[in-house]
Amino acid sequence: MKFIRENLVVGFMLFALFLGAGNIIFPPLLGQQAGEHILIAMAGFLITGVGLPLIGVITVAKSGGDLHELSSKVNPLFGIIFTSVIYLSIGPFFAIPRTAAVSYEIGIKAPFLSKSLAESPLPLFITTLIFFAITLYLAFNPTKIVDRIGKILTPALLLIILALAVKSVLTPLGPIGEAQGGYQTSPFFESFVQGYLTMDVLAALVFGIVIIQALNGRGLTEKTEQIKVIIFSGVVAALGLAFVYVSLAYIGVTSTSVIGFHSDGGVIIAEATKALFGKAGSFILAATIILACLTTAVGLLSANASFFNKLFPRISYQFFLIVFTLLSLGIANFGLESIISYSLPVLLAVYPIAIVLMLLALFANYFQHSSLVYGLPLVVTAAISIYDGIKTMGFEINLYENILSHLPLYEQSIGWLIPAFVATGIAWMIHNVKNKYRNA
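Residues numbered from 1 in each chain as written. Predicted model: local features only at pLDDT ≥ 70, side-chain atom pairs only at ≥ 80, totals over all residues. Heavy atoms only, no water.

Trainee: Would you explain a nonpolar patch on the surface in this entry?
Mentor: Taken together, the side chains of Leu376, Ile418, Val422, Ile426, Trp428, Met429 and Ile430 define a hydrophobic patch exposed on the protein surface, amounting to about 590 Å² of accessible area. At six residues, helix α20 (residues 417-439) tops the list of elements feeding residues into the nonpolar patch. On the basis of relative accessibility, which here comes to 36%, the residue isoleucine 430 falls in the partly exposed class. (Patch = residues over 30% accessible without salt bridge, like charges linked within 9 Å, V, L, I, M, F, W, Y side chains within 5 Å. Areas by Shrake-Rupley, 256 points an atom, 1.4 Å probe, with all protein chains shown as cover. Salt bridge = Lys/Arg side-chain N within 4 Å of Asp/Glu carboxyl O. Helix = DSSP H or I, 4+ residues; strand = E, 2+ residues; numbered from the N terminus. Buried < 20%, exposed > 50% of the residue type's maximum accessible area, 1.4 Å probe, protein only.)

If you want it as structure tokens, here you go:
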């Protein structure tokens, strides 16, 4: 009980770091689209939105919280390039600006601004300027993040989401709607891919360093104890995320008869909250979105500055914080729609590679961290996922497309899955044969 009591705040911190804008927007959208297939759809979404991030936290904890060190076991150059891409993707290029843009769109613009004022770029600039000023302040001393986030922001965030969940159960908006689009025929795989949009697997690979810094600040420096705390924190965060996802998906699946169908999860949650709470709903939603986005932005900013400070030790952590904050501020002012559109190809290309690396690292002791067993599945995965990203940008190679179209699950956007498993099996057998002849 003492262990739980002392480390629950770390679990709350990790939960808050994970719970960003996408985590609140995508579940109600999934609920509306899944309709009567909501249970199957939630199973797929929880795998990529909860299960895989938990595995990621455990994997990174076992490797000492360092994604660079973990990915360098494949190849030193791959380690630098891949880790940098991951950090920048969920950092100043995509995820951090998205937190500020979503805070503005749903927390400020939708409930509080008139149409004429919303068309001006000034409110977005002012909102993002204040948002990033607070983010920079909280991230400037990473050893205090546990206290600031785990003890203050997270309980407030949980209370707001709990209020939404309880109200939606006690007074449901309406009956469960009908499935739409891909959820009519393959709800599991459709929601599995939708889980990519949370970017939580990528976040799991970098939050380890934030947790370890926080634990070091609390005087907990022994690696075995750190791993125990991080795994416990991961379980707490996973349970929290599962609760949030199920609650918000339930709001979405019961909302269609009242607010109609929408293709924007932000609109769904905004309209549903207004229907549940009336005028007070706008304030509840604004507080939820802003708190969720702020906590995630703090964690991502701190993780990025820590990584690049380690990569370039002559440049201070504080300098990287300031540079990444200013970069995020600039990109955020392009608006949410632009950020999502240019981040999607990179996400489709990188996400499968991250999943395969994470799963290989979890079982690396069985193949002695062989570069071959790491490398072959990752090359095969990259050959498919990078093309998926390129195709999203409008560039299609007919011959290559015809070849890939024969892969299992390719139409479900998971064409990399089976080839990755096959490549792992082949590489593992080659590795065992080499060891057998080497030891003979």
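Next comes the rest of the account.
Trainee: What should I look at first to understand the packing of aromatic side chains in this one?
Mentor: The description of an aromatic ring pair uses the distance of the two centres, along with the angle that the planes make with each other. Summed over the entire model, instances satisfying the criterion amount to 19 aromatic pairs. Plain terms: the ring middles of phenylalanine 45 and tyrosine 245 are 5.0 Å apart, the flat faces sit at 80 degrees to each other, and that makes the pair edge-to-face. On the criterion of sequence distance, the pair formed by phenylalanine 45 in helix α3 (residues 38-62) and tyrosine 245 in helix α12 (residues 223-253) is long-range, its members being 200 residues apart. Across this residue pair, the class does not change: phenylalanine 45 and tyrosine 245 are buried. A ring pair is formed by phenylalanine 367 and tyrosine 374, whose centres lie 5.3 Å apart and whose planes are at 85 degrees; its orientation type is edge-to-face. Taken as a pair, phenylalanine 367 and tyrosine 374 share a single burial class, namely buried. (Phe/Tyr/Trp six-rings, centres within 6.5 Å; stacked < 30°, edge-to-face > 60°.)

Trainee: What should I look at first to understand unusual backbone geometry in this one?
Mentor: Peptide bonds are, in most cases, trans, and in most cases residues other than glycine have a negative phi. Non-glycine residue methionine 199 carries a positive phi angle of around 60 degrees. Note that methionine 199 resides in the loop between α10 (187-194) and α11 (200-217). Overall, methionine 199 belongs to the buried group, its relative accessible area being 8%. Even without glycine at this site, serine 413 takes up a positive phi of about 65 degrees. Inspection of the secondary structure assignment puts serine 413 in the loop between α19 (398-404) and α20.

Trainee: What should I look at first to understand empty space enclosed by the protein in this one?
Mentor: Tallying each qualifying case throughout the model produces three cavities of 30 Å³ or more. Around the largest cavity, the lining is made up of 17 residues, and of these Ala95, Arg98, Thr198, Thr296 and Leu300 lie nearest the centre. Elements supplying a minimum of two residues to the lining of the largest cavity: α1 (2-18), α2 (21-34), α6 (95-112), α11 and α15 (279-311). A breakdown of the residues in the lining of the largest cavity according to their chemical character gives nine nonpolar, six polar and two charged. A volume near 40 Å³ is recorded for the second largest cavity. (1 Å grid on protein atoms, 1.4 Å probe; cavity = no way out; pocket = protein on both sides within 12 Å on 5 of 7 lines; lining within 4 Å. Points joined across faces, edges and corners; volume = space filled by probe spheres on them. Nonpolar A, V, L, I, M, F, W, Y, C, P; charged D, E, K, R; others polar.)

Trainee: For this particular structure, what's the right way to read the layout of surface pockets?
Mentor: Rolled over the atoms, a probe as big as a water molecule pinpoints where empty space is left. Of the volumes computed, that of the largest pocket is approximately 580 Å³. Surrounding the largest pocket, 26 residues form its lining, Ile106, Asp264, Gly266, Val267 and Leu336 being those nearest its centre. Listed by contribution, the elements that provide at least two residues to the lining of the largest pocket are α2, α6, α14 (265-277), α15 and α17 (336-362). In terms of residue count, the dominant contributor to the lining of the largest pocket is α6 (seven residues). Across the lining of the largest pocket, the residue classes break down as 13 nonpolar, six polar and seven charged. Of the pockets and cavities examined, the second largest pocket occupies roughly 310 Å³. Along the wall of the second largest pocket there are 15 residues; nearest its centre are Val356, Leu359, Leu360, Phe421 and Thr424.

Trainee: I would appreciate a short explanation of the pattern of salt bridges in the present structure.
Mentor: Two side chains carrying opposite charge are able to pair once their charged atoms lie near each other. By the definition in use, this model includes three salt bridges. For the salt bridge of lysine 228 with glutamate 225, the shortest nitrogen-to-oxygen distance reads 3.6 Å. Separated by three residues within a single helix, lysine 228 and glutamate 225 lie in helix α12, roughly one turn from each other. The salt bridge partner of glutamate 401 is lysine 391, with a shortest N-O separation of 3.4 Å. Of this pair, glutamate 401 sits in helix α19 while lysine 391 sits in helix α18 (residues 371-392), and the two are 10 residues apart along the sequence. Its relative accessible area of 13% is what places glutamate 401 among the buried residues. Note on lysine 391: relative accessible area 27%, which makes it partly exposed.

Trainee: Is there a simple way to think about the confidence of the model for the protein chain in this case?
Mentor: Reading fine detail from the predicted coordinates is not recommended where pLDDT is low. Looking at the protein chain, pLDDT values average 85 and 95% of them are 70 or higher. By mean pLDDT, the top-scoring element of the protein chain is helix α16 (residues 317-332) (96), and the lowest-scoring one is helix α9 (residues 145-170) (71). (pLDDT = per-residue confidence, 0-100.)

Trainee: In this structure, what is going on with the nonpolar core? I would like to understand it.
Mentor: Here is a general trend for soluble globular proteins: nonpolar side chains tend to be buried in one another's company. By size, the foremost hydrophobic cluster in this structure holds 125 residues, and its most contacted members are Phe18, Leu202 and Tyr374. Discounting residues that sit within four places of it in the chain, leucine 202 has contacts with Ile86, Ile90, Leu347, Val350, Tyr351 and Ala354. (Core = buried A, V, L, I, M, F, W, Y, C linked by side-chain atoms within 4.5 Å. Contact = heavy atoms within 4.5 Å.)

Trainee: Can you help me understand the packing of helix α8 (residues 121-139) against α16 in this one?
Mentor: Relative orientation and spacing of two packed helices are given, respectively, by the angle between their axes and the distance between those axes. With their axes 10 Å apart at the nearest point, α8 and α16 run at an angle of 160 degrees to one another. By the angle class used here, α8 and α16 are roughly antiparallel. The chirality of how α8 crosses α16 is right-handed. Taken together, the residues of α16 that come into contact with α8 (itself represented by Leu124, Thr128, Leu129, Phe132, Leu136 and Ala139) are Tyr317, Leu321, Ile322, Thr325, Ser328, Leu329 and Ala332. Looking at side-chain class alone, the contact of α8 with α16 contains 10 nonpolar, three polar and no charged residues. (Axes fitted to C-alpha atoms, helices over the stretch in contact; angles between N-to-C directions. Parallel < 35°, antiparallel > 145°, perpendicular 65-115°, else oblique. Left-handed = near helix turned anticlockwise from the far one by under 90°.)

Trainee: Just to check I follow, could you spell out the environment of phenylalanine 324 for this structure?
Mentor: Positionally, phenylalanine 324 belongs in helix α16. Overall, phenylalanine 324 belongs to the buried group, its relative accessible area being 7%. Sequence separation between phenylalanine 324 and proline 76 is 248 residues; the distance between their C-alpha atoms is 25 Å. Other than its neighbours up to four places away in sequence, phenylalanine 324 contacts Leu88, Pro92, Leu301, Asn304, Ala305 and Phe308.

Trainee: Quick question: what am I supposed to make of the packing of α3 against α10 here?
Mentor: Two numbers describe how α3 lies on α10: the axes approach to 7 Å, and their chain directions differ by 30 degrees. When the interaxial angle is binned, α3 and α10 end up roughly parallel. Between α3 and α10 the crossing geometry is right-handed. Of α10, the residues touching α3 (which contributes Ile40, Ala41, Ala43, Gly44, Phe45, Ile47 and Thr48) are Pro187, Phe188, Ser191, Phe192 and Gln194. For the contact of α3 with α10, the residue count by class is eight nonpolar, four polar and no charged.

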